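Chain by chain, the residues:
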Amino acid sequence: MVSIKGGHKRLVTGVIATATAGLALGAFALSGTANGATESAEAAGAGKHAKPTVILEHGAFADGSSWNGVIADLRADGYPVVAAANPLHGPASDAAALRTVLDHVKGPKIVVGHSYGGNVISEAATDDPEVKALVYVAAFLPAPGESALELTNKYPGSTLPGTLDPVTYQQADGTTATDLYIQQDKFRHQFAADVPSGQAALMAAEQRPIAQAALEEKATTAAWKTIPSWDIVTTEDLNIPPAVQRFMAKRAHTHTTEVAASHSVAVSHPHLVADVIKRAARATVR
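Residues numbered from 1 in each chain as written. Predicted model: local features only at pLDDT ≥ 70, side-chain atom pairs only at ≥ 80, totals over all residues. Heavy atoms only, no water.

## Regarding the sheet that holds strand S9 (residues 210–211)
Step number 1: Taken together, the three strands give an open sheet; going across it, the order is S7-S8-S9, and neighbouring strands pair in antiparallel fashion. Of all strands in the sheet, those with a lone pairing partner are strand S7 (164–170) and S9, marking the two edges.
Step number 2: Pairing geometry for S7 and strand S8 (residues 176–182), over seven bridges, is antiparallel. Bridge pairing in S8 links Pro166 to Leu180. (Pairing = 2+ DSSP bridges. Helix = DSSP H or I, 4+ residues; strand = E, 2+ residues; numbered from the N terminus.)

In structure tokens, the structure reads:
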């Protein structure tokens, strides 16, 4: 395990989580276009040491722009990148959406998930021979039968519940559902404490909600059981307690890097995140 500026932080309550995944067919947030990413991967495939395409899955309370710094770093080093738009409706449906991206982009792939996006990539990548490595970024690595909510509550430390702004609405079939936002005035402290205040304010305004039901839905598969996995554990995280992150990383036998960062580590430490992705690529794609 690599430790970067270590540091354990004592947190308080526990419940719920965040994060990411999926995307409906054609709903890409890319560093280019869907076809462009495919063409880049195919063009790279002509070389002896082709670089895999990196598929990025954001989490709850975020969108594809949360990967901007990571994308810039990866592209500068010649990696094709696709940042998928996560519906944030539930692991099964979000994974089905992400699989449309995985199927569309040909060649070897490194799949990366932030927060709830970890739930999604764990399901979407199962039995996909073109996915060479998984990278979890302050993310969930659920085992079958576990939910994001259950894992968050496994150890104390999450202060997310007290910051949430739930919005209940009526669906087309007459049933009600609830979307969860983070209150904008609490967003930076809760989600992005090490991000500059102006940038955090933009993130708060642009945040995408997650369905409450998505955090309660149980995983059915765990791709990390068969695909080599890397994990970035954020020791200043107020969403997913560090103790929970360490438990999941140890159970999955991941190559683990710890960093004193908030839940928004891809925004505050993009080069670190990109470096871990590149390490996963170099170790698994020849």
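## Brief notes about the layout of surface pockets
Step number 1: Estimates place the volume of the largest pocket at around 290 Å³.
Step number 2: Every element with two or more residues in the lining of the largest pocket is listed here: helix H2 (68–76), helix H6 (184–191), helix H7 (197–206) and helix H10 (265–268).
Step number 3: Take the lining of the largest pocket: its biggest share by element is four residues, from H7.
Step number 4: Residue classes in the lining of the largest pocket are distributed as ten nonpolar, nine polar and two charged. (1 Å grid on protein atoms, 1.4 Å probe; cavity = no way out; pocket = protein on both sides within 12 Å on 5 of 7 lines; lining within 4 Å. Points joined across faces, edges and corners; volume = space filled by probe spheres on them. Nonpolar A, V, L, I, M, F, W, Y, C, P; charged D, E, K, R; others polar.)

## Quick notes on the nonpolar core
Side chains that are nonpolar tend, in soluble globular proteins, to be buried together.
Step number 1: If you look at the biggest cluster of nonpolar residues, it comprises 50 residues, and the most contacted ones within it are Ile55, Phe61, Leu98, Leu134, Phe187, Ile210 and Trp224.
Step number 2: With 29 residues, the next largest nonpolar core counts Val112, Ala133, Val265 and Val273 among its residues. (Core = buried A, V, L, I, M, F, W, Y, C linked by side-chain atoms within 4.5 Å. Buried < 20%, exposed > 50% of the residue type's maximum accessible area, 1.4 Å probe, protein only.)

## So, the side chain of His263
Step number 1: With respect to the helices and strands, the residue His263 is situated in the loop between strand S11 (255–259) and H10.
Step number 2: Judged by its relative accessible area of 0%, His263 is buried.
Step number 3: Among the polar contacts listed, one links the side chain of His263 to the side chain of Ser115, at a separation of 2.8 Å. (Polar contact = N/O pair within 3.5 Å; in protein donor to acceptor, adjacent residues only side chain to side chain.)

## Re the pattern of salt bridges
Step number 1: Evaluated as defined, the whole model comprises eight salt bridges.
Step number 2: The partner of Glu130 in a salt bridge is Lys109, with the nearest N and O atoms 2.7 Å apart. One end of the pair, Glu130, is in the loop between helix H4 (117–124) and strand S6 (131–137); the other, Lys109, is in strand S5 (residues 109–114), with 21 residues separating them in the sequence.
Step number 3: Classification of Lys109 by relative accessible area gives buried; the value is 0%.
Step number 4: Put simply, Arg246 and Glu258 hold a salt bridge, and the shortest N to O gap is 2.6 Å. Of this pair, Arg246 sits in helix H9 (residues 242–252) while Glu258 sits in strand S11, and the two are twelve residues apart along the sequence.
Step number 5: In this structure Glu258 comes out as buried when scored by relative accessible area, which is 5%.
Step number 6: Here the residues in one salt-bridge network are Lys51, Asp73, Asp77 and Lys278, joined through shared partners. (Salt bridge = Lys/Arg side-chain N within 4 Å of Asp/Glu carboxyl O.)

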